[in-house]
Every structure is written in structure tokens, then in C-alpha cells.
Amino acid sequence: MAATHYDVIVIGGGHAGCEAAVTSARMGAKTGLFTINLNMIAQMSCNPSIGGIAKGHLVREIDALGGVMAEVTDRTGIQFRLLNRSRGPAVQAPRAQCDKELYRKEMQRLLREQANLTLEETEITAIVRKKNRVVAVETSDGRRISCAAVILTTGTFLNGLCHVGEHKFVAGRSGEKASVQLAESIRSIGFQMGRLKTGTPPRLERESIDFSHFEIQPGDEDPTLFSFRSKGVCQPQVHCWIAYTNEQVHKVIRDNLHRSPLYGGEIVGIGPRYCPSIEDKIVKFSDRSQHQLFLEPESLSSNTIYINGLSTSMPLDVQRAMLDHIEGFKNSVMVRPGYAVEYDFVQPAQLHARLETKAVEGLFLAGQINGTTGYEEAAAQGIIAGINAALKVLAKEPFVLSRSESYIGILIDDLVTRGVDEPYRMFTSRAEYRLLLRIDNADRRLMPYGAHLGLVPASTHRHFQKKWERIDQAINFLRETYLKKDSASFERLRDAFGLESGTSLQQILKRPEVNIKDLYGVLEKNGITLNEEERRVVQTQVKYEGYILQQMRDIERLHSLEHRRIPSNFNYQEVGGLSREVVERLSNVRPDNLGQASRITGITPAAISILNIHLERRQRPGV
């Protein structure tokens, strides 16, 4: 018999929906995940990869909290690469090509095996409210299902409209029905909404490509995995390839721009600045004679190649002409053309940092509906929405991550504080304290939260606590141990680095020419044994100690603002000295605390000082 009640209902089976549903169920809430097509749960709609700069950080953090994206990626990855390997540890990040068929199947298996979680292949058509609180949803088969919380993770499906040249059709993605009735139900609540756009490139048949014209891009011999719990790769590893456009391709595009829905005025949604279509690249970077393309296998079981960097909504004949002018693609068979999709989104400044809407209690939003782009950004929001929906059901305090402790906190704070005027993508440059938010310490930063919430088993948490005890022990040993002339290590280190006695091992390791490997013999002789990953963490902590301490002092100042709460019904017009513009901006966003208020565009330090004084006076007895 179909269920008539769930504690939490998740609408949408994309990357945000999967994390939200698993998280809510693991925390004890009876959860239902509703999607139009069960077979397409966890579909990689765009490129078959997970991670990248800053995105890899998000996936590590999801894993540390107890999410599932990292472990599914490790089980289905067919090429792993650590990006920015030659740069500092703050900006290094893993990226994996995944077998998109296996990824979908593995995630679906995990969801089906999850206790407290039911998957339903039904379209949700309306959100039912009572006194501005979610009480139920309505389905296309005529049911009304009651609930305490709803998480909307609708991706590109709200009023989705696809474009291939002059041809357009209503769909959430090619071949799949858009959510039109649900979009109207959301709009009727009164949210400020807008339109965004994303797109995909053509897919080609592998056997029809002449790869001899392209540069091989191999994966790493020693893969950097995403999950802290993974032991190794599970799938055969493959190559990718690098190709380039040329002036002939660019001329084809320029000659046909009048047929582009993007430049012909058919597309009104704003596209992602940092992942533009090829026609956008040709117009905005007209001085470039070529643009890089990446040829990525979509699956071990299919012969489809994804042409990363060639996203387009040009007509079919133009796409064919573009390919014909690239050596290696002349005889290629196009399995699927590139296309653009427009969709509705909700301006995220209307959300609390817990991802619950301010207008409707119990309604949470996660993923592209909040104006973001990317699987990783969606999943990061999904796990936070899932946690907070479950906490609401359990009548517990909400869970919010700060900017100073996670990229997830930065992502959500940016969304709810500043809103979006284009699809949001995470970058390391958005992090004020990125030296503290590395991929190698996400477990230390966030796993205690995951354990407390019941998402990380106690045995797993203890295992990683011991790891960090070993790291701390090694750092303390290096700090407290000084070279002596009669020590066995002195002569070797003196000859290698020109050292004198009386120098601490910590000071030695801080020298640019010294590596942790040079001191590992000393550590081992004193009973300190570390694996390769732990050695790298020790080296980073020691070499960057001065910068780390400075960022920690900056965080202490930030926390004083974050702890100054602002009542939800606060009247900013009461505060003398604030300009009309500042009052309007604060009233529109309604920040939860002074730190969030300070990050709203147009809010000056002077305004924050005035507001802080006013809040202090309000909190004094008798005021």
C-alpha cells in the first residue's frame, strides 16, 4: 500500500536529492524520495566527473559529515587525478572521471538498501501549506501525502525548456518531462524567482573517432581518492584525451551566430560564466585562435565520448560542421547533440543558512533550485538540507556550518547572504581561510559533527581520532626535539643542509629545501610511525604554521560577529544612522547574525558598528 505520511519528503533524485534522502533517513526520519523516473536517480546529466578545484573540497567535506557522494565516486571512478599538484596544499583537489552508468546504479543500490527510506516514482505537483507551514504534497496520481518537512531538489526540471538551434521543447533534460505544475505551486507561494541556463556538448561514438590526432591524458599512478574510508580503486582505469578547436571551427560559429538561441534572443536564462558554451567563448574571447577540449569516456560499458569544452545549443547542422573541422572528428558519429536547458530557480537570499525558506516553515531547498551549478555544490546543499529537515522532525536545534570551518559553509553563506545573478560555482578564491580548509583535514574539521548527528559510526570516528593523535604527536615531537652534536642524525642533516646543533626539528622542516622524508628516520627511531598521507599533513602543518596561526586569529574576530544574533522580526528602520539603502538591503536578506550581515553586498563596516551597538543596547536589562 502506498504511504500516506512521511516525516520528510525529498522531491527530485539528483545529487542533492540523494544526499538529502540518505541523510534524513540515517538520522531516523521516515523519508520518501519522489522522482519522475526511478531509473534516472543520480544521473550525471552533464560531464561524467566528480571533483575539481574547490569542488573536490566539497566532496571530502560531504564524506566527513557522513554523506555518500565520495564513496560512490571511489567505487565507480575510472580515472583519478590530483589537480594543482605543483601548487600549495590549500588549492590541491582530487578529480575523478566516473563510469556514469555504474555511478547511477551504485547510488540507486545504496538508496534502496537504506533503512527508513522509500523511493517512489511519482510526480509531485503541489506543496500544501497551512498557516505558512508545510503539511503535505500532492501527486499527479491524485494522492495527498502528509509530512513535516519537504526538501525541493528539482535541478533543471522547474519549467525546463531545452534548445537545439531554432528547435525548442519542454523538458527537464533531453527526453525527460519537466515539472510545470510544481513550478506554478512554488511560484504561488510568492518567492522571488528567476531563470538560469546550462548546457551540454555533443556526445560521439568512440569507434568513429581517430584518437591519433589527440594528446593522451592519463590518470595518476597513485590515485587520490575522495572518501576517507576508501582503500583503493575498484574499476579499471582509462585515459582521457586533449583536443583543440581552430579558426575554421570559430568561423563556422561566427557565421551562424544569428541561428544561436543564445545570441538570437530565444534563451533568456543567464548561463554559467565559468563554464560557457563554445559560442560564448568565441564571442567573448575573440582574440583566441583555439580553445581546449577534453575527450572523456562516459562508461566502460558504452562507447560514448563526452566532449568537455564544446557545450553548445547551435543547430544540428552547425554542430556537425564544427566537428568536421577538427582533425579526428571528421568521420565521427554524433550519438547525441549538444543542447541548452533553461529552468526556474528561487533567489536563495530567501533562505536561512539551514536552507529552510523564510516564507514557509518546513520547506527546504537544495541544489540548482538555489541558483548553483555542479553536482558537488548540489550534494553539499543536499546533505545540509537533509540534516536540518531531520532535526526539525526531531524538534532539535538546526545545524549550520560557518565559513571558517568548511567550504560547505562558504557556499551556503554566499547563497543566502548575497543571492545569485548567475549560476554559482565554488572556487578556492571564495574561501578567506583556505589554508585551514584543505582536503587533507576535512575529517578533523567535520567528522565530529557527523558522529554527533549519527551519520558517522562511532568506530569510524575513533579510527580517525587516532590518526590525528599520531599527527599531533609527530608535530609536538618535531617542535620539542633539538639536534645534538652527538646524535646519529646530526652529521647527516648537517652535511645535507648545513645545519648547526641546537636547532629544533620543526625549524629544520620549515626550511624550503627540507622535506618530511628527510626527518622520517628520526621519527621512526622515536616510535612515531605515519603513513604517506599523515606525513604530508605534518609537513603542511609545520611549514605553514605562521599563516595558519594568523588565519586562526582572524577567525576568532569573525566568531564575535557570528555570535551576535539578530532577531528574525528585527526592524532595521529603528536603527538611527543607517542609510535607506542599508536598511533596504538588510530588510530584504534578513540576516541571522551580524557576521552574515557584514557580508551582504553594500553593507559597510560603519553600518555593522552602528547595528552592533543597537543590538547590545537591546540586550541590556531594562532596555
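Residues numbered from 1 in each chain as written. Predicted model: local features only at pLDDT ≥ 70, side-chain atom pairs only at ≥ 80, totals over all residues. Heavy atoms only, no water.

Visitor: Can you explain the pairing of strand 19 (residues 339-346)? Please cite residues and give values.
Guide: Across the eight residues of strand 19, eight count as buried, placing the element largely inside the fold. Here strand 19 shows a buried face lined by Y339, V341, Y343 and F345 and a second buried face lined by A340, E342, D344 and V346. Two strands pair when backbone bridges link them, and strand 10 (residues 161-164) and strand 19 are joined in this way by three bridges, in the antiparallel orientation. Across the sheet, H163 pairs through a bridge with A340, a residue of strand 19. (Buried < 20%, exposed > 50% of the residue type's maximum accessible area, 1.4 Å probe, protein only. Helix = DSSP H or I, 4+ residues; strand = E, 2+ residues; numbered from the N terminus. Pairing = 2+ DSSP bridges.)

Visitor: Help me get a handle on the packing of aromatic side chains, residues and values and all.
Guide: Summed over the entire model, instances satisfying the criterion amount to eight aromatic pairs. Both rings, one in Y6 and one in F34, keep their centres 5.8 Å apart while their planes meet at 85 degrees; by these two values the pair is edge-to-face. A residue pair is termed long-range when its members are at least 10 positions apart, and Y6 in strand 1 (residues 5-11) and F34 in strand 2 (residues 31-35) qualify at 28 residues. Each member of the pair Y6 and F34 is classed as buried. (Phe/Tyr/Trp six-rings, centres within 6.5 Å; stacked < 30°, edge-to-face > 60°.)

Visitor: So what's going on with the packing of helix 1 (residues 15-26) against helix 4 (residues 100-113)? Residues and values would help.
Guide: It is at 11 Å that the axes of helix 1 and helix 4 come closest, and there the two elements cross at 20 degrees. Taken together, helix 1 and helix 4 sit at an angle that is classed as roughly parallel. Crossing of helix 1 against helix 4: the hand is left-handed. Across from H15, C18, V22 and R26 in helix 1, the residues of helix 4 making contact are Y103, M107, L110 and L111. (Axes fitted to C-alpha atoms, helices over the stretch in contact; angles between N-to-C directions. Parallel < 35°, antiparallel > 145°, perpendicular 65-115°, else oblique. Left-handed = near helix turned anticlockwise from the far one by under 90°. Contact = heavy atoms within 4.5 Å.)

Visitor: Can you explain the pattern of salt bridges? Please cite residues and give values.
Guide: In this structure the tally under the stated criterion is 51 salt bridges. Between E138 and R144 there is a salt bridge, with its nearest N and O atoms 2.8 Å apart. A salt bridge links K168 to E266; the nearest nitrogen and oxygen atoms lie 2.7 Å apart. Note that K168 is positioned in strand 11 (residues 167-170) and E266 in the loop between helix 6 (247-255) and helix 7 (278-284), a separation of 98 residues in sequence. Looking at K168, the relative accessible area reads 41%, which means it is partly exposed. Here the salt bridges share partners, and the residues they tie into one network are R403, D413, D414, R418, E432, E562 and R599. (Salt bridge = Lys/Arg side-chain N within 4 Å of Asp/Glu carboxyl O.)

None of the figures reported here should be taken as evidence of function without further support.
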